[in-house]
Amino acid sequence: MEKAFDRVEWDFLLAILDKFKFPIKFISLIHQCISSTTIRFSINGHITSSIHPSRGIRQGNPLSPYIFLLCSEGLTAALRLQELNGSFRGISVARNAPPVSHLLFADDTLLFTVASPSSCNALKEALNAYHLATGQKVNYTKSSILFSPNTPTNISTYFFDSLGLESRPFISKYLGVPQCFGRSKKCNFDFLLQKVSSQLSIWNGKLFSKAVKEVLLKAVIQAIPSYTMSCFRSLISHNQAMPAKQTWRVFSNPNSLLANILKAKYFRLNGFLEAKLGHSPSYTWSSLLWGRDLLIRGLLWKVGNGCSIRTLQDPWIPGIKFPCLRSNALPPIDKVSFFIDNKGSWDKNKLYQYFDDYSVLSILKVPIGGLQKADSLIWNQEKSGIFSVKSAYHIANNTSLPPSSSNSSFSNAWWKTLWTLNIQPKIKNFSWRVFHHILPVGLNLFVRKTIPQPSCSFCTNPTETVTHALLDCPRASKIWKASPLRSFYFSNRHVDVKDFMMNGFEQLHKDQLILLLTTLWAIWHSRNKKLFANLDLTPTDIIAWINTFISDYQSAVSDINRCSGAHKLQVSGGEKVVPQNQYLLRTDAAINTAQSRMGFGVVVRDWQAFNGRGFVFAASLEWCINIQIPLAVVETDSKMLVDKVHNKKADFSALSDVVEDIRCSLSAFPDAHLRHINKTINCRAHNLARRALGQDEESCWNALIPTL
């Protein structure tokens, strides 16, 4: 065990703590920690191993938790003491902005003060006091100082001489981000291009498949500029999504230091979403507003009591921008609260009076948080209601693309189907390259000046395009004629290969589409084998190989899914033993979209697994609370609902209020276990829910549950 602090050291430390005006409770804590020879901490209810007080800091001897607290607070206290004396003051970016004197990040400290001899002396005194209290010294060789361009030379020289700093340029980057910006933004961010080029040059010497390169590009190359782009860069879609992330933080944390500083400088009289660019804005503020434009496009009002939402101007209905009026008559109150009754439900009479049928059906699907809950803006592109860069990127990308066939809903459905097909990733990657005509065929290689002529290597065609290599070349044509897709090929052979694939998506079912894409890949694969290895297979052999290739891959995937599915069924599908004198509750819901009706079914079973009662009503947990049924197990086949109830992460979604109500109801049964079960096990509650769709009032069975 290392030597603890002796009495002289403690007296000196106590004097320093008193000088820095530490609270008495904090001094008592430090005294208890340092004066003990052995200290044991409780973390998450478990006693950890002993921690021995140590002296000093050296390599291999981690800073003890209580010493770390002392050190991190020590510098703050030393600077605060100088501020109270009036010798040292921080910098405010605007008249009403809070002054900032220092920011701490890990073992780095950023200090801000006015350039004056008194500030320099106060800073030096604070650093010396910190050194005496903790034994830590500032590493001036790694430190740097930046002055305003208007600072007199004698003042800057005074700082350099007093603090022992070298007069050299300020550090160019901190935490990977440029500190200062000149007129040329290209020069400021040139280091990113150098990093990317260096990484790509390393990969060029390695034999990676296209699919592996795709993973490396997404996981490594794209991550290199991501941090910097999240603060400054403007490279269209992806880059706008990154500043939007910082915008979301300012918007969702209005009491943070950053939000307060920005508000004082740029939007003192209004909200962040209404803030203007202002006069002489910084590059950071301009980037934030650019990200805010994207953020606004993805925000949606979450209905609480409806008092803050403008009915005809604010986005609050998923799927439609604004409700459509039935006539020219406007609601007397332009607030959503006008359409919510005293019970906290939608007033159908008012809705049908002012809006068309489609708008009413859409509004009735919007959950209401409750009359006591305020409205709030959430991110509509994620189920959690919380911003994500991925979803923001898709909004920016779809908005920036010009209207064309490649940006239609049909094209989106094609890509969604392609990426979810049960085929190997390399075939998906190959299909994407075929669609964009970027295979290394004769024409593409000729354009890049790799080969002298663009002609086909297997026929007399003077130009080998992607369409020719995969559809028109006699070698490819023979393979298609031997394929089960022979008739489709003859019907579509004279179109571009891109349209050939899209026609397949439109006319063929998924199994045939898998065969079509795999055949395209096999034609290209056999072409390369013949061209570079002089290996040749007959069309019949290639078709037989394609069928075996598809079946082997799908069998392997089925085996994996079967194993994981059996494990899930074993975990979540079995019967739960109910303790004696307690009950099991199972619930389900059914929806009739055409009639906008919803039915609820609930089954209560006792500890002997006999049916108790069947109910058709929504507030099943509340009913169990009212008649004091001791629940041990609550089950449902809605995995999403179970996950949301169990999930402790932040959730701003429209269902979060409902989930919170469920948690509140479950708190009445502290020993109850909520879990997900298979639909086949929950069939009785499901049958009740379906039966409920035809009824307008609550029903109850006292015997066995009827089957449908």
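Residues numbered from 1 in each chain as written. Predicted model: local features only at pLDDT ≥ 70, side-chain atom pairs only at ≥ 80, totals over all residues. Heavy atoms only, no water.

Once that is clear, we can look at the nonpolar core. Most often, soluble globular proteins have nonpolar side chains that are buried together. Of all hydrophobic cores here, the largest spans 44 residues; its most connected members are Trp414, Leu470, Trp480, Leu516, Leu517 and Leu520. Only helix H16 (409-420), helix H17 (425-435), helix H19 (466-472), helix H20 (474-481), helix H21 (486-492), helix H22 (497-507), helix H23 (510-533) and helix H24 (539-572) provide two or more residues apiece to this core. Counting residues per element, this core draws most heavily on H23, at 10 residues. When neighbours within four sequence positions are excluded, Trp414 is seen to be in contact with Phe435, Met501, Met502, Phe505, Leu513 and Leu517. Membership of the second largest hydrophobic core comes to 41 residues, among which are Trp285, Val336, Ile363 and Phe387. (Core = buried A, V, L, I, M, F, W, Y, C linked by side-chain atoms within 4.5 Å. Buried < 20%, exposed > 50% of the residue type's maximum accessible area, 1.4 Å probe, protein only. Helix = DSSP H or I, 4+ residues; strand = E, 2+ residues; numbered from the N terminus. Contact = heavy atoms within 4.5 Å.)

The next thing to look at is a nonpolar patch on the surface. On the surface, Trp419, Trp432 and Ile438 cluster together into a nonpolar patch covering about 300 Å² of accessible area. Take Ile438: its relative accessible area is 43%, and that puts it in the partly exposed class. (Patch = residues over 30% accessible without salt bridge, like charges linked within 9 Å, V, L, I, M, F, W, Y side chains within 5 Å. Areas by Shrake-Rupley, 256 points an atom, 1.4 Å probe, with all protein chains shown as cover. Salt bridge = Lys/Arg side-chain N within 4 Å of Asp/Glu carboxyl O.)

Moving on, we get to the state of the cysteines. Evaluated as defined, the whole model comprises zero disulfides. Looking at the unpaired Cys459, the closest cysteine sulfur is the one in Cys456, lying at 3.6 Å. (Disulfide = S-S within 2.5 Å.)

This part covers the environment of Leu513. Within the fold, Leu513 resides in helix H23. Residues Leu513 and Leu485, 28 residues apart in the sequence, show an inter-C-alpha distance of 9.7 Å. When sequence neighbours within four positions are dropped, the list of residues in contact with Leu513 reads Trp414, Thr417, Leu421, Gly504, Phe505 and Leu508.

On inspection of all chains with the given rule, the structure shows 12 salt bridges. For Asp657, the salt bridge identified is with Lys373, shortest N-O distance 3.6 Å. You can see Asp657 sitting in helix H27 (residues 656-666) and its partner Lys373 sitting in the loop between helix H14 (357-364) and strand E8 (376-379), a full 284 residues away along the chain. The exposure class of Lys373 is partly exposed, given its relative accessible area of 28%. In this structure, a network of salt bridges that share partners links the residues Lys302, Lys373, Asp657 and Asp661.

Put simply, helix H8 (residues 210-221) and H17 touch, their axes get as near as 8 Å, and they point 85° apart. If you check the angle between H8 and H17, you find them roughly perpendicular. Contacts from Lys210, Ala211 and Glu214 of H8 reach H17 at Lys426, Asn429 and Arg433. Per-class residue counts for the contact of H8 with H17 are one nonpolar, one polar and four charged. (Axes fitted to C-alpha atoms, helices over the stretch in contact; angles between N-to-C directions. Parallel < 35°, antiparallel > 145°, perpendicular 65-115°, else oblique. Nonpolar A, V, L, I, M, F, W, Y, C, P; charged D, E, K, R; others polar.)

Note that Ser656 resides in helix H27. Look at Ser656 and you get buried, because its relative accessible area is 10%. A polar contact of 2.6 Å, which involves the side chain of Ser656, links it to the backbone oxygen of Ser653. If we skip the residues at most four places from it in the chain, Ser656 touches Lys302 and Asp651. (Polar contact = N/O pair within 3.5 Å; in protein donor to acceptor, adjacent residues only side chain to side chain.)

Distances and angles like these do not, on their own, reveal function.
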